[in-house]
Amino acid sequence: MSQTIQLPDICEFMTRHLVDVFDTMLAMPAALTPKAGLPHFEERVTGSVGFAGDSVTGAVYLHLSATFANRVAAAMLGLPPEETIGENDVNDVVGEATNMLTGGLKSWLCDAGAGCAVSTPAIIRGAFSVEAMPDVAREFLVFESGTERVIVEIHIKLN
Amino acid sequence: MATKILSVDDSRTIRMIVGRTFKPYDCQICEAGNGEEGLAAAAREKPDLIILDVTMPVMDGVTMLGKLKEDPALKTIPVIMLTAESGRDNVLQIAKLGVRDYLVKPFKEEQLIEKAGRIVTLQKKPTV
């Protein structure tokens, strides 16, 4: 790992950034729960955006339960929270939220000297776990938003 | 005459938010899902303002901006970049291409109105 870019600094930035994205785009609170265990979502919606450059590669995953993903989509689209949103619209909102998170990280990394490009978002639905490659650092940030949980999973390899 | 605004973003959500933002104003919103479609829409619609994302499939926003500025018929259309990327080098590179303003996601709708209002006339629709 680079001497100038450290995983705790990335986690600190991503914590502030997730709170900002939720506050600005969704008018929803989100607070880091450092000692929270990882929740088991039976059905989840996960946004993922990759990033790659000469000295850094990785991906950011945003995990939401299917029910909370619907509420997040309603909030961003300006619809009542109980409204059922179509799957494509939920996917687009979760993808865009993940894009905002990863775009912020990309900018942070670029300003720290690790220039990189980001991919367009992808969505994964279901109950699953993502495995990291052996030489890739992985960190989970668990947030509470009301009674719901939000997980940001960061995979990063610094050369 | 309504102010014509072209929103170019691969996210339907963002295009919808842009449309919602300008709804109280006398604006006509047109949309495109990538840079290639955005260039075609700009040539067809001759918008007063383009709100442009960076990372998009098919043709990204930086490439579209470069092509726009090379086209004598389109180069004077002002562009606001609306992107999740705010890195110093990125912003400088885009600024050199002639962008009028830059708004970083996440953003408040009022911020977009404020920036657009500095470039084009935004007239509130009369309330019925």
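All values reported here derive from a predicted model rather than from experimental measurement.

Asks: Even after reading the chapter, I still don't get the overall build of chain B, so can you show me in this structure?
Replies: Regarding its fold elements, chain B presents five helices and five strands. Secondary structure elements in chain B, listed N-terminal to C-terminal, are β-α-β-α-β-α-β-α-β-α. Taken over the C-alpha trace, chain B has a radius of gyration of 14 Å; the compact-globule value for 128 residues is 14 Å, and the two agree within 12%. Taken along the three principal axes of its C-alpha coordinates, chain B extends 45 × 30 × 25 Å.

Asks: What is the right way to look at the overall build of chain A in this model?
Replies: Broken down by element type, chain A carries three helices and seven strands. The order of α-helices and β-strands along chain A, N terminus first, is α-β-β-β-α-α-β-β-β-β. In terms of overall dimensions, chain A is globule-like: its C-alpha atoms have a radius of gyration of 15 Å, near the 15 Å expected for 159 residues. By its C-alpha atoms, chain A is 45 × 25 × 25 Å across when sized along the principal axes. Out of the 159 residues in chain A, the part that is buried amounts to 40%. Looking at chain A alone, contacts between residues at least 24 apart form 65% of all its contacts between residues at least 6 apart.

Asks: Please clarify how the interface of chain B and chain A should be interpreted in this entry.
Replies: By a frequent convention, interface size equals the accessible area lost on bringing the separate parts together. With 21 residues of chain B at the interface, the matching set in chain A holds 22 residues. Secondary-structure elements contributing two or more residues to the side of chain B that touches chain A are α1 (12-22) and α4 (88-96) of chain B. No other element matches the five residues that α1 of chain B contributes to the side of chain B that touches chain A. The class makeup of the residues in the side of chain B that touches chain A is six nonpolar, seven polar and eight charged.

Asks: Mind showing me how you'd approach unusual backbone geometry here?
Replies: A negative phi holds for most residues other than glycine; trans holds for most peptide bonds. Residue and element names in this part refer to chain B. A cis amide bond, omega 0°, links Lys 105 with the succeeding residue Pro 106. Looking at the secondary structure, you find Pro 106 in the loop between β5 (101-104) and α5 (109-117). One non-glycine residue, Val 58, lies in positive phi territory at about 70°. Considering the arrangement of structural elements, one finds Val 58 in the loop between β3 (49-52) and α3 (61-70).

Asks: Is there a simple way to think about the sheet that holds β3 of chain B in this case?
Replies: In any sheet, the strands associate via hydrogen bonds between backbone groups, in a parallel or an antiparallel arrangement. All names here are of chain B. If you trace the five strands from one edge of the open sheet to the other, you get β2-β1-β3-β4-β5, paired in parallel fashion. The open sheet is flanked by β2 (27-32) and β5, the only strands paired with a single partner. Mean inter-strand twist for the sheet, computed between neighbouring axes without regard to direction, equals 20°. The sheet contact formed by strand β1 (residues 3-8) and β2 spans six bridges and is parallel.

Asks: Any chance you could explain the packing of helix α2 (residues 66-77) of chain A against helix α3 (residues 87-111) of chain A here in plain terms?
Replies: When two helices pack together, their arrangement is given by the angle between their axes and by how far apart the axes lie. Residue and element names in this part refer to chain A. Contact geometry for α2 and α3: axes closest at 9 Å, N-to-C directions at 80°. Judged on the interaxial angle alone, α3 and α2 are roughly perpendicular. Facing Ala 69, Asn 70, Val 72, Ala 73, Met 76 and Leu 77 of α2, the residues of α3 in contact are Asp 89, Val 90, Val 93, Val 94 and Ala 97. Its residues assigned to classes, the contact of α2 with α3 shows nine nonpolar, one polar and one charged.

Asks: Before we go on, may I ask you to explain α1 of chain B in this structure?
Replies: Structural remark: α-helix, 3.6 residues per turn; residues separated by three or four positions point the same way. Among the 11 residues of α1 of chain B, eight are classified as buried, and the element is accordingly described as predominantly covered. Those residues of α1 of chain B that fall on the buried side of the exposure criterion are Thr 13, Ile 14, Arg 15, Met 16, Ile 17, Val 18, Thr 21 and Phe 22 of chain B. Against α2 and α3 of chain A together with β1, β2, β3 and α5 of chain B lie the buried residues of α1 of chain B.

Asks: Help me understand the environment of Thr 55 of chain B, please; the structure alone is not making it clear to me.
Replies: With respect to the helices and strands, Thr 55 of chain B occurs in the loop between β3 and α3. Those residues within four positions of Thr 55 of chain B in sequence are excluded, and the remaining contacts are Val 118 and Thr 120 of chain A together with Asp 60 of chain B.

Asks: Would you mind showing me how to read the nonpolar core here?
Replies: One recurring pattern in soluble globular proteins: nonpolar side chains tend to sit buried together. Residues and elements named next belong to chain A. Counting 40 residues, the largest nonpolar core has Val 60, Val 72, Val 94 and Leu 101 as the members making the most contacts within it. Contributing elements (two or more residues each) for this core: α1 (7-26), β2 (44-52), β3 (56-65), α2, α3 and β7 (148-158). In terms of residues, this core owes the most to one element, α3, which gives nine residues. Sequence-distant contacts of Val 72, defined by excluding residues within four places in its chain, comprise Leu 26, Leu 64, Val 93, Val 94 and Ala 97.

Asks: I tried to follow the packing of α3 of chain A against α1 of chain B on my own but got confused; where do I start?
Replies: Relative to each other, α3 of chain A and α1 of chain B sit at 90°, their axes nearing to 8 Å. Judged by the inter-axis angle, α3 of chain A sits roughly perpendicular to α1 of chain B. Contacts between α3 of chain A and α1 of chain B involve Asp 92, Val 93 and Glu 96 of chain A on the former and, on the latter, Arg 12, Thr 13 and Ile 14 of chain B.

Asks: Looking at this structure, I do not really get the confidence of the model for chain B. What am I missing?
Replies: Any residue range with low pLDDT should be treated as having predicted coordinates unsuitable for detailed reading. Considering every residue of chain B, the mean pLDDT works out to 95; 99% of them sit at 70 or more. Scored as a complex, the prediction yields pTM 0.93 and ipTM 0.90.

Parameters at a glance
- Residues numbered from 1 in each chain as written.
- Chains lettered and ligands numbered in written order.
- Predicted model: local features only at pLDDT ≥ 70, side-chain atom pairs only at ≥ 80, totals over all residues.
- Helix = DSSP H or I, 4+ residues; strand = E, 2+ residues; numbered from the N terminus.
- Rg over C-alpha atoms; globule rule 2.2 N^0.38 Å.
- Buried ≥ 20, exposed ≤ 12 C-beta atoms within 10 Å, placed from the backbone.
- Contact = placed C-beta atoms within 7 Å.
- Nonpolar A, V, L, I, M, F, W, Y, C, P; charged D, E, K, R; others polar.
- Pairing = 2+ DSSP bridges.
- Axes fitted to C-alpha atoms, helices over the stretch in contact; angles between N-to-C directions.
- Parallel < 35°, antiparallel > 145°, perpendicular 65-115°, else oblique.
- Core = buried A, V, L, I, M, F, W, Y, C linked by C-beta atoms within 7 Å.
- pLDDT = per-residue confidence, 0-100.

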